[in-house]
Amino acid sequence: MTTIDKTASAPSRRIEDDGKTPLLEVRDLHVEFKTRDSLVKAVNGVNYSVRAGETLAVLGESGSGKSVTAQAIMGILDMPPGRIPQGEIRFRGEDMLTMSNEERRQIRGRKIAMIFQDALSSLNPVLSVGYQLGEMFRVHQGMSRKAAKAKSIELMDRVRIPAAKDRVNDYPHQFSGGMRQRIMIAMAMALEPDLIIADEPTTALDVTVQAQVMDLLAELQAEYNMGLILITHDLGVVADVADKIAVMYAGRIVETAPVHELYKRPAHPYTRGLLDSIPRLDQKGQELYAIKGLPPNLTRIPPGCAFNPRCPKAQDICRSEVPILHPVTERDGTDLPGRGSACHFWKETIHG
Amino acid sequence: MADPTKKDEAADQKGAPRDTTPNVTEVDVVDAASVEEVEAVLDAPVERGEPILQVRNLVKHFPLTQGILFKRQIGAVKAVDGVSFDLYQGETLGIVGESGCGKSTVAKLLMTLEQATAGEVFYKGQDITKLSGRALKAVRRNIQMVFQDPYTSLNPRMTVGDIIGEPFEIHPEVAPKGDRRRKVQDLLDVVGLNPEYINRYPHQFSGGQRQRIGIARGLALNPEIIICDEPVSALDVSVQAQVINLMEKLQDEFNLSYIFIAHDLSIVRHISDRVGVMYLGKMAEIGTDEEIYDHPTHPYTQALLSAVPVPDPSARDGRERIILSGDVPSPANPPSGCRFRTRCWKAEDKCAKEVPLLAIPERFVGQNTPAAHESACHFAEEKDVVHA
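A quick note: this is a predicted structure, and the numbers were derived from the prediction, not measured.

## A word on the overall build of chain A
Part 1 of the reasoning: If you tally the helices and strands in chain A, you get 15 helices and 13 strands.
Part 2 of the reasoning: Relative to the globule expectation of 20 Å for 352 residues, the C-alpha radius of gyration of chain A, 21 Å, shows essentially globular dimensions.
Part 3 of the reasoning: The principal-axis extent of the C-alpha atoms belonging to chain A is close to 65 × 50 × 45 Å.
Part 4 of the reasoning: Split into buried and exposed, the 352 residues of chain A put 46% on the buried side.
Part 5 of the reasoning: The long-range share in chain A, meaning contacts at least 24 apart out of those at least 6 apart in sequence, stands at 65%.

Right, here's the structure in full:
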């Protein structure tokens with residue numbers, strides 16, 4: 001795909017990239033859902049930022065709020081019942097939450113695109129993949145059907161779908177799982193966005209296909225210098241591709257760290273527990289470490305640190321005071337850039 | 001689909017591949033004429049380390065038909081196409097492979113939930129594919145299953161007590177009526193759930209707890225073999241470890257043999273004594289966990305292992321990764337010869353002509369190396385993929 005017209009969609013990207021303002025910055029984001037008899041606090045003050053070319057992995061279990069945060073960034077939350085009581089989502093310094101719908105439409109798809117987990121249910125089964133890919137060009141760039149179809153074929157070639165020309169009129173069910181996920185990637189890449197949010201892009205795929213898809217994603221990211229937010233629960237995938245990691249638990253970020261640091265020295269008991277529960281060679285035949293208990297119910301988040309009922313280190317302070325995301329330092333006080341831990345006892349966890 | 005007509009079966013038998021694996025041991029077939037004799041055989045204990053389940057040339061073809069009134073068979077999906085293995089008493093046999101390779105069909109065949117097209121499954125020397133009626137019921141009591149998705153494998157309208165107690169309705173000899181409630185509460189306690197939950201419904205539990213209910217149901221009849229079809233893949237990481245620990249504890253406590261089907265290779269390694277790798281309806285390689293993970297000789301196993309992301313960012317560089325191109329071919333029309341040849345980097349003419357047998361590769365025969373285990377490849381050789 002050497003001929004996609006770069007001037008059409010993002011002429012100003014490289015100029016604006018001065019490396020100082022992050023591409024996307026989420027500040028103190030809260031999301032809650034009102035149900036008939038309760039208030040579900042899905043996201044409770046999330047902060048993170050992504051720069052161009054950088055990969056941020058958001059790690060968390062189901063119900064930790066990682067996908068809801070992504071949907072809030074894309075502006076595809078169902079509101080109501082969803083509500084964003086406070087917070088900012090700044091794209092290139094501008095708060096998207098205060099923009100008009102029309103302004104957000106200009107960003108969505110064109111500047112920020114999303115890859116969904118389940119490609120089969122995200123694609124429309126009654127429209128050909130070529131039509132669905134071409135929709136991006138027709139809607140955002142006003143192309144004719146014919147030109148859009150030509151672009152679709154180019155895109156399918158780009159994500160290495162064999163015989164793209166013959167397959168452009170095929171329907172989603174005629175493709176395998178890996179090929180469908182490639183189509184999802186092609187659709188997200190269509191307008192060369194600055195930022196891609198990938199929500200569990202390979203969870204439904206087999207390992208050999210997962211390797212193919214992650215390779216492709218990394219290659220495209222490098223080529224277009226995109227920011228990537230990778231949402232996953234797979235500690236292996238994160239170790240392979242991420243630059244920095246944000247670990248989420250019960251709607252909060254409990255730890256942030258560059259990828260190498262996190263695996264070497266976790267500074268939060270939850271992260272440590274996750275890493276310890278991976279089966280390791282030398283533990284064969286022994287009991288696996290398991291975090292006891294269950295993730296909390298989001299309508300009744302425990303007071304203080306949300307992890308306290310499951311935490312081996314919990315003290316009285318953990319049950320009463322919500323820990324802030326403390327900056328993490330070396331033992332002698334030297335800064336560790338990019339590291340933070342929302343634990344009252346982060347010092348003991350990382351150094352102890 | 002599940003019940004092919006006689007004609008189909010005959011046709012399939014003729015074309016069914018015979019897996020003439022030389023080093024699979026002979027099965028001591030027990031000839032039991034009456035149902036009572038069969039039951040006596042099934043109740044006999046098996047020594048630890050003796051084979052309890054022996055699978056020979058198991059084949060399952062699902063017919064593809066055309067036409068509405070006059071159905072013609074136009075082909076078959078060869079879901080399982082000649083699989084042989086042994087399961088020893090007290091061990092865990094892991095089966096790994098990509099989706100569509102036939103591992104779940106094998107599980108269903110072992111449970112006799114599907115009729116095998118050809119081949120035999122010997123349970124204590126009895127071919128269970130030929131059993132029916134009371135004898136089959138007795139076998140099924142001893143082989144139980146834990147399913148993948150705890151959200152759909154429990155009936156939402158039944159209480160936990162009814163779900164776990166249902167096996168007793170079918171096999172009343174295990175627990176007399178008055179005793180059932182106590183038995184169910186014992187089972188809940190064994191799997192780490194509060195016995196007072198007996199009147200709750202499945203939706204009141206989390207995923208991990210539901211899987212515990214599924215395990216309790218599997219344990220209810222004191223089976224000897226439990227077949228686990230992806231028991232933890234629907235669970236969160238932190239809960240997976242809890243369930244795996246529970247399963248290991250139960251294995252020691254009740255002296256169970258597991259067939260553990262999964263696609264998460266690190267979990268399979270942790271729990272398994274031996275591992276079989278399946279590809280497109282055939283066993284590609286089988287051996288102890290060390291032989292398979294540290295000394296794989298089949299190219300597919302090597303590719304599979306190298307594709308698994310390692311949870312250690314320092315391994316990111318310098319690790320050789322074999323990225324397979326393309327997808328798994330359709331099992332309705334598998335490639336000739338070796339089934340992996342279309343994606344294999346070693347494939348030569350021989351691979352298209354000859355089906356490689358699952359046997360210890362010639363070059364390793366008689367050597368005392370971990371590479372000397374059964375591998376279905378013409379060009380089997382060792383390749384260190386995990387530590388490269």
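Next, the rest of the story.
## What about the environment of L250 of chain B?
Part 1 of the reasoning: Tracing the sequence through the fold places L250 of chain B in helix α8 (residues 237-254).
Part 2 of the reasoning: When sequence neighbours within four positions are dropped, the list of residues in contact with L250 of chain B reads L219 and L256 of chain B.

## Things to note about the domain arrangement of chain A
Residue and element names in this part refer to chain A.
Part 1 of the reasoning: Here chain A is partitioned into domain 1 (6-242) and domain 2 (248-351).
Part 2 of the reasoning: Centre-to-centre, using C-alpha coordinates, domain 1 lies 29 Å away from domain 2.
Part 3 of the reasoning: Contact residues are listed per partner, giving 22 residues for domain 1 and 15 residues for domain 2.
Part 4 of the reasoning: Of all the secondary-structure elements, those providing two or more residues to the side of domain 1 that touches domain 2 are β2 (39-50), β3 (55-59) and α11 (235-241).
Part 5 of the reasoning: Here the side of domain 1 that touches domain 2 takes 10 residues from β2, the largest share from any one element.
Part 6 of the reasoning: Of the residues that constitute the side of domain 1 that touches domain 2, the class distribution is 11 nonpolar, eight polar and three charged.

## Looking at the interface of chain A and chain B
Part 1 of the reasoning: Contact residues are listed per partner, giving 33 residues for chain A and 31 residues for chain B.
Part 2 of the reasoning: Listing elements by their share of the side of chain A that touches chain B, those giving two or more residues are α10 (207-224), α11, α12 (259-264) and α13 (269-276) of chain A.
Part 3 of the reasoning: Among the elements that take part in the side of chain A that touches chain B, α10 of chain A stands out by supplying six residues, more than any other.
Part 4 of the reasoning: Class assignment of the residues belonging to the side of chain A that touches chain B gives a composition of 15 nonpolar, 11 polar and seven charged.

## Looking at the pairing of strand β5 (residues 88-91) of chain A
Residue and element names in this part refer to chain A.
Part 1 of the reasoning: Here β5 shows one buried face, formed by I89 and F91, and one open face, formed by E88 and R90.
Part 2 of the reasoning: Here strand β1 (residues 24-34) pairs with β5 via four bridges, running antiparallel. Along β5, the bridge assignment pairs E25 with R90.
Part 3 of the reasoning: One ladder, built from two bridges, connects β5 with strand β6 (residues 94-95); its direction is antiparallel. Paired with F91 across the strands is E94, a residue of β6.
Part 4 of the reasoning: In sequence, β5 turns back onto β6 through a hairpin of two residues, with R92 there showing a positive phi of about 50 degrees.

## Concerning the packing of helix α7 (residues 207-219) of chain B against α8 of chain B
Residues and elements named next belong to chain B.
Part 1 of the reasoning: Contact pair α7 / α8: the axes reach a minimum separation of 10 Å and the direction vectors enclose 20 degrees. The angle between α7 and α8 falls in the class roughly parallel. Considering the relative orientation of α7 and α8, their crossing is right-handed. Judged by residue contacts, G207, G208, Q211, R212, I215 and L219 of α7 engage V239, Q242, V243, L246, L250 and F254 from α8.
Part 2 of the reasoning: Taken together, the residues that form the contact of α7 with α8 break down as seven nonpolar, four polar and one charged.

## A few points about the sheet that holds strand β4 (residues 118-123) of chain B
Residue and element names in this part refer to chain B.
Part 1 of the reasoning: Spatially, β2-β1-β4-β5 is the arrangement adopted by the four strands of the open sheet, whose pairing is antiparallel. Of all strands in the sheet, those bounded by a partner on one side alone are β2 (72-88) and β5 (126-127).
Part 2 of the reasoning: Two elements, strand β1 (residues 51-66) and β4, share five bridges in a ladder whose sense is antiparallel. Directly across from V59, in β4, lies its bridge partner A118.
Part 3 of the reasoning: The sheet contacts of helix α3 (residues 103-110) involve β1, β2 and β4, and relative to β2 the element is tilted by about 75 degrees.

The rules behind the values
- Residues numbered from 1 in each chain as written.
- Chains lettered and ligands numbered in written order.
- Predicted model: local features only at pLDDT ≥ 70, side-chain atom pairs only at ≥ 80, totals over all residues.
- Helix = DSSP H or I, 4+ residues; strand = E, 2+ residues; numbered from the N terminus.
- Rg over C-alpha atoms; globule rule 2.2 N^0.38 Å.
- Buried ≥ 20, exposed ≤ 12 C-beta atoms within 10 Å, placed from the backbone.
- Contact = placed C-beta atoms within 7 Å.
- Domains from an automatic or database assignment.
- Nonpolar A, V, L, I, M, F, W, Y, C, P; charged D, E, K, R; others polar.
- Pairing = 2+ DSSP bridges.
- Axes fitted to C-alpha atoms, helices over the stretch in contact; angles between N-to-C directions.
- Parallel < 35°, antiparallel > 145°, perpendicular 65-115°, else oblique.
- Left-handed = near helix turned anticlockwise from the far one by under 90°.

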